[in-house]
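Here's the letter readout for the chains.
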Amino acid sequence: MTVHVTVPVDETVKADLDAWAESRGVSVDTVLSQVVEAFVAERREIEAAVAEARADIAAGRVHSHEDVVARLKGRRRDWRAAE
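Residues numbered from 1 in each chain as written. Predicted model: local features only at pLDDT ≥ 70, side-chain atom pairs only at ≥ 80, totals over all residues. Heavy atoms only, no water.

A.B. asks: Teacher, can you tell me more about the overall build of the protein here?
C.D. replies: Of regular secondary structure, the protein possesses 3 helices and 0 strands. From first element to last, N terminus to C terminus, the protein shows the α and β order α-α-α. Against the compact-globule benchmark of 12 Å for 83 residues, the protein has a radius of gyration of 22 Å, which places it well outside the compact range. Once the C-alpha set of the protein is aligned to its principal axes, its extents read approximately 50 × 40 × 25 Å. Burial statistics for the protein: of 83 residues in total, 6% are counted as buried. For the protein, the accessible area works out to roughly 7800 Å², and carbon and sulfur atoms hold 56% of it. The averaged location of the 16 negative side-chain charges in the protein is 12 Å from the averaged location of its 12 positive side-chain charges. (Helix = DSSP H or I, 4+ residues; strand = E, 2+ residues; numbered from the N terminus. Rg over C-alpha atoms; globule rule 2.2 N^0.38 Å. Buried < 20%, exposed > 50% of the residue type's maximum accessible area, 1.4 Å probe, protein only. Areas by Shrake-Rupley, 256 points an atom, 1.4 Å probe, with all protein chains shown as cover. Lys, Arg positive; Asp, Glu negative; His and termini not counted. Charge placed at Lys NZ, Arg CZ, Asp CG, Glu CD.)

Below you can see the structure in the form of structure tokens.
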């Protein structure tokens, strides 16, 4: 089911949206729907990643800062050696 939402924007923003949508042959509604859907999908992914990270922390699946830095330095050394 589709619902409609009204969003106030500055006149300049509206003009930019109109021009951008027109240059691509789509409506402003389509542009905004795609942007909002992408935003919501990204937020869901971030929230899932945070929940996974919290579960890892709770389960003790963690690495110290020092270990991570040492590992990255090792990778950098390996990359440079491969050049």
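A.B. asks: Help me understand helix H2 (residues 28-58) in this model?
C.D. replies: Side chains three or four residues apart in an α-helix point the same way, a direct result of the helix having 3.6 residues per turn. In this model, H2 (31 residues) spans 45 Å end to end at C-alpha, consistent with the 45 Å of a helix rising 1.5 Å per residue. In the stretch just after H2, Gly 60 is the one whose phi turns positive, near 85°. (Expected span 1.5 Å × (residues − 1).)

A.B. asks: Looking at this structure, how should I read the layout of surface pockets?
C.D. replies: Empty space among the atoms becomes apparent when a probe as large as a water molecule is rolled across them. In this model, the largest pocket occupies a volume close to 640 Å³. As for the largest pocket, its lining consists of 16 residues, and the residues nearest its centre are Val 5, Asp 29, Leu 32, Ser 33 and Val 36. For the lining of the largest pocket, the element with the most residues is H2, which contributes 7 residues. Broken down by class, the residue content of the lining of the largest pocket amounts to 9 nonpolar, 4 polar and 3 charged. (1 Å grid on protein atoms, 1.4 Å probe; cavity = no way out; pocket = protein on both sides within 12 Å on 5 of 7 lines; lining within 4 Å. Points joined across faces, edges and corners; volume = space filled by probe spheres on them. Nonpolar A, V, L, I, M, F, W, Y, C, P; charged D, E, K, R; others polar.)

A.B. asks: Looking at this structure, how should I read the pattern of salt bridges?
C.D. replies: Once their charged atoms are close, side chains differing in charge can pair, the charge on each being opposite to the other. Taken as a whole and judged by the stated rule, the model has 2 salt bridges. Across the salt bridge formed by Lys 14 and Asp 18, the nearest N and O atoms sit 2.6 Å from each other. With Lys 14 and Asp 18 both in helix H1 (residues 11-24) and 4 residues apart, this pair spans about one turn of that helix. Residue classification places Lys 14 among the partly exposed residues on the basis of a relative accessible area of 39%. Taking the relative accessible area as the measure of exposure, Asp 18 reaches 31% and is therefore partly exposed. Asp 56 is paired through a salt bridge with Arg 61; the nearest N and O atoms lie 2.8 Å apart. (Salt bridge = Lys/Arg side-chain N within 4 Å of Asp/Glu carboxyl O.)

A.B. asks: I keep staring at helix H3 (residues 65-82) and nothing clicks. Help me out?
C.D. replies: For H3, with 18 residues, the first-to-last C-alpha span of 26 Å sits near the 26 Å given by 1.5 Å per residue. Buried residues are scarce in H3, accounting for 1 of its 18 residues.

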